[in-house]
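Observations on the three-dimensional arrangement
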Amino acid sequence: MHGASSAKHMPSHMASSEQTENNTMRYTILDHPPWWEAIALGFQTYLTLLGSTVLIPFICVPPMGGSPTDLANVICTIFFVSGIITLLQTFIGDRLPIVQGGSFAYISPVLAIAAQIKATHTFASEQERFLVGASTSTLGVT
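Residues numbered from 1 in each chain as written. Predicted model: local features only at pLDDT ≥ 70, side-chain atom pairs only at ≥ 80, totals over all residues. Heavy atoms only, no water.

1. What about the nonpolar core?
Residues Ile56, Cys60, Val61, Met64, Leu71, Ile75, Ile107, Val110, Ala114 and Phe130 constitute the largest nonpolar core, which totals 10 residues. Looking at this core, the elements with two or more residues in it are helix H3 (35-60), helix H4 (68-91) and helix H5 (107-120). Looking at this core element by element, the count peaks at 3 residues for H5. Sequence-distant contacts of Phe130, defined by excluding residues within four places in its chain, comprise Val61, Met64, Gly65, Gly66, Asp70 and Val74. (Core = buried A, V, L, I, M, F, W, Y, C linked by side-chain atoms within 4.5 Å. Buried < 20%, exposed > 50% of the residue type's maximum accessible area, 1.4 Å probe, protein only. Helix = DSSP H or I, 4+ residues; strand = E, 2+ residues; numbered from the N terminus. Contact = heavy atoms within 4.5 Å.)

This is how it looks when you write it as structure tokens:
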């Protein structure tokens, strides 16, 4: 009865917008999709993450002088760290069902640092240039 009486005092425009909002959402934060749909939605998230996570090393590692082995190691590292951060965020943090991935915000500074190092230093090998560029980009010093 209390819920019905409070609905009477609610303006009609608020009640209709609330109904419209509920009708357009397939799931709310407390709903659980069926297991087969959860697997499909998880796979969709994986494909989205795969593209962005693999693209970052493909953009940054070659200009830094990295070999294909270095590229594979960086991709593996990004996937590992992304998984650890996602687990921490899921169990300790906000507990939202999102995947933490790499950020494209750091690509420009990394490429600028790699270009500056390549122009101002000489190295015995591309591998040495990659190691210096990676450590410099990570520490943020030139």
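2. With respect to the packing of H3 against H4
The description of two packed helices rests on the angle between their axes and on the distance between the axes. Running from amino to carboxyl end, H3 crosses H4 at an angle of 135°, the nearest separation of the two axes being 9 Å. Taken together, the axes of H3 and H4 are oblique relative to one another. Like other packed secondary-structure pairs, H3 and H4 cross with a definite hand, here right-handed. Where H3 abuts H4, its residues Leu49, Leu50, Thr53, Val54, Pro57 and Phe58 lie against Leu71, Val74, Ile75, Ile78, Phe79 and Ser82. Grouping the amino acids of the contact of H3 with H4 by side-chain chemistry returns 10 nonpolar, 2 polar and no charged. (Axes fitted to C-alpha atoms, helices over the stretch in contact; angles between N-to-C directions. Parallel < 35°, antiparallel > 145°, perpendicular 65-115°, else oblique. Left-handed = near helix turned anticlockwise from the far one by under 90°. Nonpolar A, V, L, I, M, F, W, Y, C, P; charged D, E, K, R; others polar.)

3. Re the environment of Phe104
Mapped onto the fold, Phe104 is located in the loop between H4 and H5. Setting aside its immediate chain neighbours within four residues, Phe104 contacts Ser52, Leu55, Ile56 and Ile59.

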